[in-house]
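Architecture at a glance
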Amino acid sequence: ISLYGAFVIALIPLVSLLLTTVVNGLNRLDWEFFSLSMRNVVGAGGGGLHAIVGTLEVTAAASIISIPIGIMTAIYLVEYGKGRLAKAITFLIDVMTGIPSIVAGLFAFALFAIVFGPGIRFGFGGAVALSLLMIPVVVRSTEEMLKLVPNDLREASYALGVPKWLTIVKVVLPTSIAGIITGVVISVSRIIGETAPLLIIAGLSTSMNWDLFNGRMTTLPVYVYTQYANQGTDAQAYIDRAWTGALVLMLIVMVLNLTARILAKVLAPKGNR
């Protein structure tokens, strides 16, 4: 009874948060929100299309940077890593896991300010900042999944004369692919709601911007924050847009999780399905 009671108590804040977001977010969950930006809007109306596009582009760019680096780093640490280099990489991953998100934003801003000059703001900078937060999560989750692969499978492959790199590609990775995909989705969920680093390097825009490499780009977390923090004369309209932005962000994360589950089931070895 105590176990079930603790489970119910733990669910109360989560259910409350979900219900509150859904109830308040439905007020502006209309076609205008998905088809309009906030360009020249100072009261009611407008939408969050520019923020949705910005979120998808920045998150996709961060994933393209982070996933290959994270998975290859984990493979090196588990399959090849020995000595000082492996220890140094492990130490750096541990340090990166604990850095505040705003530090990642400051690093990206400082890096690109050196190259392009002070005041640089663009979406790709936000992707670089988010990749600093995503890489350690991908490395850690992938590393744990690779360690779960039985050594018997590796040894059986080696006994047949299969090279180590091919054993990793054909045996180790397919066996652990479901867990790796889950870890990748967790890392994406970790970064998709970040606000501070994107405020610093990606900036804020009320207009559509499809170009990651030119101009300020708004994401949904920044959109939600600014709508709630900078309310105009029609305060309720700003609050409604903020709640709807939060609801759309939750829906995106839910779609990502469902997609990951489907991919994990499809790509898993036949015996593990």
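Just so it is clear, the structure is predicted and the values come from calculations on it, not from any experiment.

Concerning the packing of helix α3 (residues 49-80) against helix α4 (residues 84-98)
Between α3 and α4, the least distance of the axes is 10 Å, while the angle of their chain directions is 135°. Here α3 is positioned oblique relative to α4, judged by the angle of their axes. Between α3 and α4 lies a crossing of left-handed hand. Listed contacts from α4 to Thr73, Tyr76 and Leu77 of α3 are Leu85, Ala86, Ile89 and Thr90. Residues of the contact of α3 with α4, tallied by class, amount to 5 nonpolar, 2 polar and no charged.

Observations concerning the pattern of salt bridges
Taken as a whole, this structure holds 6 salt bridges when the rule is applied. Of the charged contacts, one joins Asp30 and Arg28 as a salt bridge, the two residues approaching to 3.1 Å between their closest N and O atoms. Assessed through its relative accessible area of 11%, Arg28 is described here as buried. A salt bridge links Arg140 to Glu143; the nearest nitrogen and oxygen atoms lie 2.5 Å apart. One end of the pair is Arg140 and the other is Glu143, both in helix α6 (residues 123-147) and 3 residues apart, which spans about a single turn. With relative accessibility at 8%, the residue Glu143 sits in the buried group. Residues participating in the shared-partner salt-bridge network are Asp94, Arg140, Glu143 and Lys147.

Reading guide: rules and limits
Residues numbered from 1 in each chain as written. Predicted model: local features only at pLDDT ≥ 70, side-chain atom pairs only at ≥ 80, totals over all residues. Heavy atoms only, no water. Axes fitted to C-alpha atoms, helices over the stretch in contact; angles between N-to-C directions. Helix = DSSP H or I, 4+ residues; strand = E, 2+ residues; numbered from the N terminus. Parallel < 35°, antiparallel > 145°, perpendicular 65-115°, else oblique. Left-handed = near helix turned anticlockwise from the far one by under 90°. Contact = heavy atoms within 4.5 Å. Nonpolar A, V, L, I, M, F, W, Y, C, P; charged D, E, K, R; others polar. Salt bridge = Lys/Arg side-chain N within 4 Å of Asp/Glu carboxyl O. Buried < 20%, exposed > 50% of the residue type's maximum accessible area, 1.4 Å probe, protein only.

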